[in-house]
Number of protein chains: 2
Amino acid sequence: MKIIVDAMGGDNAPKAQVLGAIAAAKAFDVEIVLVGQSDRILECLKEEGIDTLPQGVEIAFASQIITMCDNPTAVLRTGKDSSMVVGAQLLADGKGDAFVSAGNTGALLTVATLVAKRIKGIKRAALSPVCPTATGKCVILDAGANNECTPEYLLQFGYMGSFYAEKYLDIKNPRVGLLNNGAEETKGRDLQKEAFALLKKAGDAGDLNFIGNVEARDVPGGACDVVVCDGFTGNILLKSIEGTAIFLGKKIKEMFKSSLRTKIGYLFCKNGVTEFKKLMDSSEVGGAMFLGITRPVIKAHGSSDEKAMMNAVRQAKICVETGVCTAISGSVDRMKAGKEAE
Amino acid sequence: MKIIVDAMGGDNAPKAQVLGAIAAAKAFDVEIVLVGQSDRILECLKEEGIDTLPQGVEIAFASQIITMCDNPTAVLRTGKDSSMVVGAQLLADGKGDAFVSAGNTGALLTVATLVAKRIKGIKRAALSPVCPTATGKCVILDAGANNECTPEYLLQFGYMGSFYAEKYLDIKNPRVGLLNNGAEETKGRDLQKEAFALLKKAGDAGDLNFIGNVEARDVPGGACDVVVCDGFTGNILLKSIEGTAIFLGKKIKEMFKSSLRTKIGYLFCKNGVTEFKKLMDSSEVGGAMFLGITRPVIKAHGSSDEKAMMNAVRQAKICVETGVCTAISGSVDRMKAGKEAE
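Quick caveat, the model's predicted, so the values are computed rather than measured. The residue numbers shown here count from 1 along each chain, following its written sequence. Here the convention is simple: chains get letters from A, ligands get numbers from 1, in the order in which they are written. This being a predicted model, a pLDDT of at least 70 is required before a residue's local features are given, and a value of 80 or more before pairs of side-chain atoms are given or counted; all residues contribute to the totals for chains, interfaces and linings. Just so you know, side-chain values use all the structure's heavy atoms and leave hydrogens and water out.

Asks: Quick one: what's the story with the pairing of strand β9 (residues 209–215) of chain B, residue by residue and with numbers?
Replies: All names here are of chain B. Buried residues are those whose accessible area, probed at 1.4 Å on protein chains only, stays under 20% of the maximum for their type, while exposed residues exceed 50% and partly exposed ones sit between those limits. Put simply, DSSP marks the helices as runs of H or I at least four residues long and the strands as runs of E at least two long, and each gets a number from the N terminus on. Of all seven residues in β9, five are buried, a share of seventy percent or more. The sheet contact formed by strand β8 (residues 175–180) and β9 spans six bridges and is parallel. Looking at the pairing, L178 lines up with N213 of β9. Here, the term right-handed applies to a crossover whose path from the first strand over the helix to the second runs clockwise when the strands point away from the viewer. This β-α-β element, β8 to helix α7 (residues 190–204) to β9, shows right-handed connectivity. Being paired, for any two strands, means DSSP has found at least two bridges between them.

Asks: Describe in detail the relation of the copies chain A and chain B, supporting the description with residues and values.
Replies: All copies are superposed by least squares; the fitting set is the C-alpha atoms of residues with a pLDDT of at least 70 in both. With an RMSD of 0.0 Å, the operation that places chain A on chain B is a rotation of 180 degrees combined with a shift of 0.0 Å along the axis. Classification of the inter-copy transformation places it as that of a two-fold axis. Residues of chain A ranked by C-alpha distance from the rotation axis are headed by G265 of chain A, positioned 1.9 Å from it. Taken as a fraction of all interface residues of chain A, those also at the interface in chain B reach 100%, which identifies the copy contact as same-surface. Only heavy atoms matter for contacts: two residues are in contact if any of them lie within 4.5 Å across the pair.

Asks: Account for the interface of chain A and chain B, with residues named and values stated.
Replies: In this complex, chain A contributes 49 residues to the contact, which on the side of chain B involves 49 residues. A quick way to say it: buried area is the sum, across both parts, of accessible area lost when two parts are put together, with a 1.4 Å probe. Taking both sides of the interface into account, the surface hidden between chain A and chain B amounts to around 4,400 Å²; carbon and sulfur atoms contribute 68%. What makes a salt bridge here is a side-chain nitrogen of Lys or Arg within 4 Å of a carboxyl oxygen of Asp or Glu, nothing more. At the junction of chain A with chain B, the criterion picks out six salt bridges. Between E215 of chain B and K239 of chain A there is a salt bridge; the shortest N-O distance is 3.2 Å. Nitrogen and oxygen atoms within 3.5 Å of one another constitute a polar contact, given that in protein one can donate a hydrogen and the other can accept it, and given that sequence-neighbouring residues count only through two side-chain atoms. If you look at where chain A meets chain B, you find 16 residue pairs in polar contact (both at pLDDT 80 or more). Mapped onto the side of chain A that touches chain B, the elements with two or more residues apiece are β8 (175–180), α7 (190–204), α8 (231–257) and α9 (260–279) of chain A. The dominant element in the side of chain A that touches chain B, judged by the number of residues it contributes, is α8 of chain A, at 19 residues. When the residues that make up the side of chain A that touches chain B are grouped by side-chain class, the tally is 25 nonpolar, 14 polar and 10 charged. Under the grouping applied here, Gly and all other residues not named as nonpolar or charged are polar, the nonpolar ones being Ala, Val, Leu, Ile, Met, Phe, Trp, Tyr, Cys and Pro and the charged ones Asp, Glu, Lys and Arg.

Asks: I'd like a rundown of unusual backbone geometry, residues and numbers included.
Replies: Following L141 of chain A, the chain continues into D142 of chain A via a peptide bond in cis, with omega recorded as 5 degrees. Following the sequence through the fold, D142 of chain A ends up in the loop between β7 (137–141) and α6 (151–167). The phi dihedral of D29 of chain B is positive, around 55 degrees, even though this residue is not glycine. As for its placement among the helices and strands, D29 of chain B is situated in the loop between α1 (15–28) and β2 (31–36). In this structure, D170 of chain B is a non-glycine residue whose phi angle is positive, near 60 degrees. Note that D170 of chain B resides in the loop between α6 (151–167) and β8. Under the relative-accessibility criterion, D170 of chain B is labelled exposed at 63%.

Asks: So what's going on with the pattern of salt bridges? Which residues, and what values?
Replies: Taken as a whole, this structure holds 24 salt bridges over all chains when the rule is applied. The closest approach of N and O atoms between K251 of chain A and E254 of chain A, which form a salt bridge, is 3.6 Å. Here K251 of chain A and its partner E254 of chain A are both found in helix α8, three residues apart, which amounts to about one turn of the helix. Residue E58 of chain B pairs with K2 of chain B through a salt bridge whose shortest N-O separation is 2.8 Å. Of this pair, E58 of chain B sits in strand β3 (residues 57–61) while K2 of chain B is found in strand β1 (residues 2–6), placing the two residues 56 residues apart along the sequence. Overall, the relative accessible area of 34% leaves E58 of chain B in the partly exposed class.

Asks: Give me the lowdown on the sheet that holds β7 of chain A, citing residues and values where you can.
Replies: Residue and element names in this part refer to chain A. With mixed pairing, five strands are arranged side by side in an open sheet as β6-β7-β10-β8-β9. The sheet is open, and its two borders are formed by β6 (130–132) and β9 (209–215), each paired with just one other strand. The average undirected angle you get between the axes of adjacent strands in this sheet is 30 degrees. The convention used is that axes are lines fitted to C-alpha atoms, helices contributing only their stretch in contact, and that angles between N-to-C directions extend from 0 to 180 degrees. Docked against the sheet, α6 engages β6, β7, β8 and β10 (226–228), running at close to 165 degrees with respect to β10. Here α8 sits on the sheet in contact with β6, β7, β8 and β10, set at roughly 145 degrees to β7.

Asks: Tell me about the sheet that holds strand β10 (residues 226–228) of chain B, residues and numbers included.
Replies: Picture the strands of a sheet paired through backbone hydrogen bonds; they go either parallel or antiparallel. Residue and element names in this part refer to chain B. Within the open sheet, the five strands sit side by side as β6-β7-β10-β8-β9. Their pairing is mixed. With partners counted over all chains shown, the strands left at the sheet margins are β6 (130–133) and β9, one partner each. If you compare each strand with its neighbour and ignore which way they point, the axes differ by 30 degrees on average. Against the sheet, α6 engages β6, β7 (136–141), β8 and β10, with an angle of about 165 degrees to β10. Docked against the sheet, helix α8 (residues 231–257) engages β6, β7, β8 and β10, running at close to 145 degrees with respect to β7.

Shown next, in the form of structure tokens:
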């Protein structure tokens with residue numbers, strides 16, 4: 001199996017990308033294609049005392065770099081020889097099985113959709129991060145790719161998220177919930193009401209384990225395995241959870257540092273606190289998959305370090321092995337709403 | 001000053017409502033009107049060994065109770081003699097200065113808008129809870145009263161939230177932020193883009209301290225004092241923060257209980273943990289005000305205990321004293337958008 005890695009995208013590129021990918025090659029027994037400026041990639045290796053490319057690792061040259069400031073919609077016009085576009089093209093050409101990038105999210109969405117291509121019949125690709133919960137993990141989709149959604153997009157997100165939770169998170173019969181401002185069927189805007197009806201129909205037909213509306217308050221508690229929402233709302237959900245975890249993490253740190261007593265207390269709790277920190281550490285979770293693309297495209301966090309990149313490659317490997325994309329493309333006929341479904 | 005309290009609304013009614021209000025009367029030197037079923041109110045007092053109504057406390061009889069299951073839009077037709085409607089009517093008639101209820105939020109919005117009346121020129125009342133942040137507190141509005149909003153509603157929320165933060169939270173020149181999925185001006189849906197333009201104009205005119213878009217991730221960190229959003233998005237923001245705090249609170253508890261070492265550690269940190277818990281305790285924050293109503297109407301949390309009710313009465317007192325509603329109604333002319341503004 002060959003994983004294509006955008007060596008130039010991300011706050012810590014190319015070092016974290018290169019070293020993380022090489023570590024993954026060794027740890028998870030995958031081949032790696034590093035896409036980017038060869039000289040800078042080789043320089044990263046040299047700094048670590050590595051003179052030649054490790055076995056199973058190759059470089060594909062790309063001269064340009066897409067930055068966080070680049071306009072996502074212009075990337076195919078202005079960034080044709082960027083590591084991101086070249087990487088996606090390699091994926092489309094079958095020169096690798098999955099593509100990992102920590103670069104500009106919007107640009108990666110454009111490139112994934114137009115170069116690696118959306119699955120036929122899937123209306124929109126969805127950014128699908130995994131979030132830790134009290135009982136395990138859940139997939140949130142869409143978490144930012146589509147500000148405006150139709151009920152049918154949300155129905156498709158339900159299916160795609162369900163396949164992903166089953167394959168990648170190894171959850172049997174994943175519980176799919178519709179993010180809403182109350183549990184009752186009548187809650188929400190028109191979008192939620194209409195999506196509820198479609199998801200319920202799919203649930204009644206035995207296609208999905210739809211458990212109804214879920215409130216944001218219950219997501220961290222593990223109310224469901226797949227949270228379905230439009231991209232704007234998903235962004236708010238994910239970022240609020242992230243921001244609150246950071247805020248409380250800081251407060252706990254302050255608490256432990258506040259006096260001699262609490263400092264002694266910390267020494268007794270150190271292992272527990274480490275476990276707790278792990279819970280909130282995004283590098284443990286890996287990246288967010290773009291579901292709805294023909295092959296796995298993983299968006300690693302912009303601030304990914306070596307470990308996070310390594311985990312993103314591992315995630316790509318699992319997605320290839322378990323056939324997430326094939327499962328989705330094989331079930332598109334069941335994901336239709338309205339006239340098309342009849 | 002006289003605060004009207006819905007004695008029958010809330011999970012712990014009437015006991016928490018009655019005892020909380022009476023404690024507030026004494027602690028904050030306010031008069032109280034308890035609205036509800038007199039016999040049950042008096043029974044609560046008797047259970048506490050109080051035989052007569054304390055000085056400054058009176059009862060206004062109302063036979064009906066609005067429950068959490070009642071349809072909010074039908075409440076004026078079917079619940080005319082409910083504690084909620086009678087209480088709001090007393091407020092409208094000038095028999096009290098503010099109204100506090102822990103009952104059905106949707107019903108209270110209807111009653112506040114139609115009985116206590118919206119301020120002339122204000123398009124929609126907004127549910128405006130206060131949320132703890134790393135640097136203090138912030139107001140979130142709207143947090144659930146209006147699923148669908150226009151840019152002009154959001155402009156008005158900005159103004160109302162700013163007055164509220166200034167008066168109730170005692171923040172000078174409050175920083176008003178628009179909740180969005182990115183910091184750039186071009187981010188968001190049409191609603192956010194258009195609201196941004198209106199808020200920026202008000203900021204440029206020196207009417208508001210508009211600091212631009214804020215991301216959900218930065219709200220708990222204290223990025224602004226007033227978070228402006230539509231009610232659906234505000235509900236998601238508030239509930240995610242709440243849910244994450246509950247989840248992490250539980251995890252910390254588990255951590256401290258996990259071994260003898262951590263149990264000993266806890267003994268050293270006890271005071272710090274208590275402070276930390278306080279941060280996440282909704283009864284410390286008080287209730288959510290409905291901004292845009294002619295007089296203060298405070299929605300206390302449904303699960304309010306005696307202490308939370310007492311704090312909600314204190315909050316009502318501050319809002320009356322500082323003249324939040326007068327400040328808003330006196331500035332409605334500045335809050336207009338589009339044609340009306342010209």
